[in-house]
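Geometric and topological summary
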Amino acid sequence: MKDIFKSLEIDDSQKVINNFFNEVRSSINIKGLVGSGLTFRLAWSYKLTPRNILLIAENIELAQFYLHDLETFIPKNNIYFFPSSFNSFKNIEDINNENVLTRNEVLSEKKHKKRIIITYPEAVSEKIISKKIIENKTQKISKGDKLSIEFINEILFEYEFERVDFVSKPGEFSVRGGIIDVFSFSNQHPYRIEFYDDIIDSLRTFNVQNQLSVENCETIKISPNISKLFFNNYHSNSLIKSLPADNFCIIENLEVLIDFIDKNYNEFEIKKQDYKTKDYFISKDEIIEDIKTNSFISLSNNNFLKTSFNLKIDQNPQPSFNKKFDLIINYLKINSKKKIKNIICASTKEQGKRIENVFEQYKQNLNYDIVCSPIFQGFEDKQLKIAILT
């Protein structure tokens, strides 16, 4: 992939994008990005900018594709997926506890850490419980503390954890003799708390599957069932407001985002009395105001927000070859004559070797490289004179 990043380093349109990442309260409309053409350019900009990036994909499927692409180019611990709390918006009491844990982890990350958060309209539409409220509702436990099993048991019921025989997911706890296992909403692994009379004797995390210890701890924090706080009017801010002030938003389809938020908010307003609570979701006016107060890139036409600059990227999607090698070879020949660099992305080394064997007899006439780097969707970038094939 060095060829494409080397080309991006000197590309004029990419320089414009990079400059916008360094401006305060900037806005730009970019048209023409196709498939993984977006993630290649975004990855390069991320390497050069000190700012946090929020990428709002058009839907959950595209968000997951972009996540997979970016993990190829950027360290995984700098990329976060931000899901919706609900399994279905038709029933907002159908909470996905694993997603709630993921949302909490993303929002709890250190503010100074540069990262990319990838999300989609359903997840953006939910209001966020403030970090201060979560901290006030979090129980801190340290080795040597004088606490009874009964006291922690009461705390966990107050936090609306479910008592089970064996914990398997966030929001559950179990009690066996002088041991409490609790799966907090603030950690990937459950905690095992061992008592000696009323003294905390041992704290450690453990693996749910094999019950083996993962790490010894001096102090742990048990966060409450955030979904229950959500239904008790503790929610306060939007996602964008909850992120650092220097956050840069990239919105794949602004009209789809705003239309979903508006429809969802209005539908819920009708049902609100059934839930006896205030607003769970942000409104159309709120999301527009949130975006306006941040720097943002819009990747589509929209009638809601004006941008200060328009940019056209000349990309085309990869042609459909239907696994016909003669069509692929002909395409590579045409590109080679045009001095377009062909890069074939194989899913595995074995697939790469198979492709190499098929093309071996044509290698002298074709300008191509094979790399083991699976991507979402191939594209041709005419400005960079590069074609990426999958």
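Residues numbered from 1 in each chain as written. Predicted model: local features only at pLDDT ≥ 70, side-chain atom pairs only at ≥ 80, totals over all residues. Heavy atoms only, no water.

Residues of strand 16 (residues 295–298) alternate between two faces, with S295 and I297 on one and F296 and S298 on the opposite face, all of them buried. With 3 bridges joining them, strand 1 (residues 27–31) and strand 16 adopt parallel strand pairing. For S27, the partnering residue across the bridge sits in strand 16 and is F296. Note that strand 15 (residues 248–251) and strand 16 share 4 bridges and pair parallel. Bridging across to strand 16, I251 finds its partner in S298. (Buried < 20%, exposed > 50% of the residue type's maximum accessible area, 1.4 Å probe, protein only. Helix = DSSP H or I, 4+ residues; strand = E, 2+ residues; numbered from the N terminus. Pairing = 2+ DSSP bridges.)

A few words now on the sheet that holds strand 19 (residues 341–346). Strand-to-strand pairing in sheets goes through backbone hydrogen bonds, with the strands running parallel or antiparallel. The 5 strands lie next to each other as 18-21-22-19-20, forming an open sheet whose pairing is mixed. Pairing within the sheet leaves two strands with one partner each, and these edge strands are strand 18 (315–317) and strand 20 (368–372). Adjacent strand axes in the sheet meet at a mean angle of 15° when their direction is disregarded. Relative to strand 21 (residues 379–381), strand 18 runs antiparallel, the two sharing 3 bridges. From the neighbouring strand, Q315 faces strand 21, where its bridge partner is D381. Seen against the sheet, helix 3 (residues 37–48) touches strand 18, strand 21 and strand 22 (386–389) and runs at an angle of roughly 55° to strand 21. On top of the sheet, helix 14 (residues 349–359) reaches strand 19 and strand 20; it is set at about 160° to strand 20, its chief contact. (Axes fitted to C-alpha atoms, helices over the stretch in contact; angles between N-to-C directions. Contact = heavy atoms within 4.5 Å.)

Right, let's get into a negative patch on the surface. There is a patch of like negative charges on the surface, built from E150, E154, E158, D197 and D198. Here D198 falls in the partly exposed class, since its relative accessible area comes to 35%. (Patch = residues over 30% accessible without salt bridge, like charges linked within 9 Å, V, L, I, M, F, W, Y side chains within 5 Å. Areas by Shrake-Rupley, 256 points an atom, 1.4 Å probe, with all protein chains shown as cover. Salt bridge = Lys/Arg side-chain N within 4 Å of Asp/Glu carboxyl O. Lys, Arg positive; Asp, Glu negative; His and termini not counted. Charge placed at Lys NZ, Arg CZ, Asp CG, Glu CD.)

Further remarks concern the pattern of salt bridges. Evaluated as defined, the whole model comprises 9 salt bridges. In this structure, R103 and E126 form a salt bridge, with 3.5 Å as the shortest nitrogen-oxygen distance. Of this pair, R103 sits in helix 5 (residues 97–108) while E126 sits in the loop between helix 6 (121–125) and strand 5 (128–129), and the two are 23 residues apart along the sequence. For R103, a relative accessible area of 6% corresponds to the buried category. Look at E126 and you get buried, because its relative accessible area is 1%.

Tracing the backbone through its elements, the reader meets S300 in the loop between strand 16 and strand 17 (310–312). Its relative accessible area of 11% is what places S300 among the buried residues. Put simply, S300 and I251 are 49 residues apart on the chain and 8.2 Å apart in space, counted from C-alpha to C-alpha. If we skip the residues at most four places from it in the chain, S300 touches N29, I30, E252, N253 and L254.

One open sheet holds the 7 strands; their spatial order is 3-4-2-15-16-1-17, and the pairing between them is parallel. Lying at the two open borders of the sheet, with one neighbouring strand each, are strand 3 (79–81) and strand 17. With strand direction ignored, the average angle separating the axes of adjacent strands in the sheet is 20°. Across 3 bridges, strand 1 lies against strand 17 in parallel orientation.

Core analysis: the largest hydrophobic core is formed by 68 residues, its most contacted members being I4, I250, L257, I287, I291, I297 and I388. If we ignore the near neighbours within four places in the chain, the residues touching I297 are I17, F21, I28, I30, F248, C249, I250 and I251. Counting residues in each nonpolar core, the second largest holds 28 residues, with I180, V182, I193 and F281 among its members. (Core = buried A, V, L, I, M, F, W, Y, C linked by side-chain atoms within 4.5 Å.)

Spanning 13 residues, helix 13 (residues 325–337) covers 18 Å between terminal C-alpha atoms, matching the ideal 18 Å at 1.5 Å per step. All of the buried residues along helix 13 are I328, I329, Y331, L332, N335 and S336. End-on view of helix 13: buried residues confined to an arc of 160°, all on one side of the axis. Residues of helix 13 that are exposed and point more than 90 degrees away from the buried face comprise D326 and K337. Against the buried residues of helix 13 lie strand 19, helix 14, strand 21 and strand 22. Once helix 13 finishes, K339 follows within two positions and takes phi at roughly 60°, a positive value. (Expected span 1.5 Å × (residues − 1). Arc of directions from axis to C-beta.)

As a further point, take the side chain of N78. Among the secondary structure elements, N78 is positioned in the loop between helix 4 (60–73) and strand 3. Overall, the relative accessible area of 17% leaves N78 in the buried class. Discounting chain neighbours no more than four positions away, the residues touching N78 are Y46, K113, K114, R115 and I116.

Attention now goes to the state of the cysteines. Considering all chains together, one arrives at 0 disulfides under this definition. With no disulfide of its own, C345 lies closest to C372 among cysteine sulfurs, the gap being 9.5 Å. Owing to a relative accessible area of 6%, C345 belongs among the buried residues under this scheme. (Disulfide = S-S within 2.5 Å.)

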